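Given next are the chains, with one letter for each unit.
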Amino acid sequence: MVKLQEVEDEHFSEEQQGPKAEDDGDYVDTDSEISSDDESDDDDDTFEETVYERLVALKDMIPPKHRARVSGAFNKTYSFISSGLQFGGKTLWILSTSAIMLGVPYALAVGEEQQMVEMEKEMKAQQIASSVSP
């Protein structure tokens, strides 16, 4: 069993500088807004923490079993989304390259076929025009 013993700091036992308790009669509390703002600014400066420090402090507050469960759920979700995006990217790559490799030659062949049809129509029109004109 541990026994606690209070140890007084020498700093607190010394008499402080400043007005004595008897001199309080001259002091008037104004409840000024300026003094309260100055005090709150001082408090804000002393308690600046980073987000990382706050998360590390939360680690001690959450039980290890619950942390493991949350971590496992996060890792599974991350893995699922990551593999889904990988699969989607690979699928998109296969489809786009296949479309380019098959679609471009097909489009060129269709264009040539249309040109041939137009040339045949022009030739028939010329033949008809030449046979009618004599």
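Reading the values: rules and limits
Residues numbered from 1 in each chain as written. Predicted model: local features only at pLDDT ≥ 70, side-chain atom pairs only at ≥ 80, totals over all residues. Heavy atoms only, no water. Helix = DSSP H or I, 4+ residues; strand = E, 2+ residues; numbered from the N terminus. Buried < 20%, exposed > 50% of the residue type's maximum accessible area, 1.4 Å probe, protein only. Areas by Shrake-Rupley, 256 points an atom, 1.4 Å probe, with all protein chains shown as cover. Patch = residues over 30% accessible without salt bridge, like charges linked within 9 Å, V, L, I, M, F, W, Y side chains within 5 Å. Salt bridge = Lys/Arg side-chain N within 4 Å of Asp/Glu carboxyl O. Expected span 1.5 Å × (residues − 1). Bend = angle between axes of the 7 residues up to and from the residue. Lys, Arg positive; Asp, Glu negative; His and termini not counted. Charge placed at Lys NZ, Arg CZ, Asp CG, Glu CD. pLDDT = per-residue confidence, 0-100.

Student: When you look at the overall build of the protein chain in this model, what are you seeing that I'm missing?
Tutor: What the protein chain contains, in helices and strands, is four helices and zero strands. Burial statistics for the protein chain: of 134 residues in total, 0% are counted as buried. As presented, the protein chain carries roughly 13700 Å² of accessible surface, and 60% of it is formed by carbon and sulfur atoms.

Student: Quick question: what am I supposed to make of a nonpolar patch on the surface here?
Tutor: Where nonpolar side chains cluster on the molecular surface, the patch consists of V51, L55, L58, M61 and I62 and spans about 500 Å² of accessible area. Along the chain, I62 turns up in the loop between α3 (51-61) and α4 (64-132).

Student: Sorry if this is basic, but what is going on with α4 here?
Tutor: Helical geometry: 3.6 residues make up each α-helical turn, so side chains three or four residues apart lie on a common side. Under the 1.5 Å per step criterion, the end-to-end length of α4 is 99 Å for 69 residues, consistent within 8% with the ideal 102 Å. Along α4, the sharpest kink reaches roughly 25°, centred on G103 and followed within four residues by the proline P105.

Student: Help me out: how do you make sense of the pattern of salt bridges in this one?
Tutor: When charged atoms on two side chains of opposite charge get close, those side chains can pair. For the structure on display, the rule yields one salt bridge. Salt-bridge contacts for R54 lead to E49; the nearest nitrogen and oxygen are separated by 3.3 Å. We classify E49 as partly exposed; its relative accessible area is 49%.

Student: Explain a negative patch on the surface here, please?
Tutor: Judged by side-chain charge, E6, E8, D9, E10 and E14 come together as a negatively charged surface patch. Within the fold, E6 resides in the segment before α1 (10-13). On the accessibility criterion, E6 (74% relative accessible area) is exposed.

Student: Explain the confidence of the model for the protein chain to me, please; I cannot follow it from the model alone.
Tutor: Do not read the predicted coordinates in detail wherever pLDDT is low. On average, the protein chain scores 83 in pLDDT, and the residues at 70 or more come to 76%. The element-level mean pLDDT for the protein chain is lowest in helix α2 (residues 33-46), coming to 53, with α4 highest at 95.

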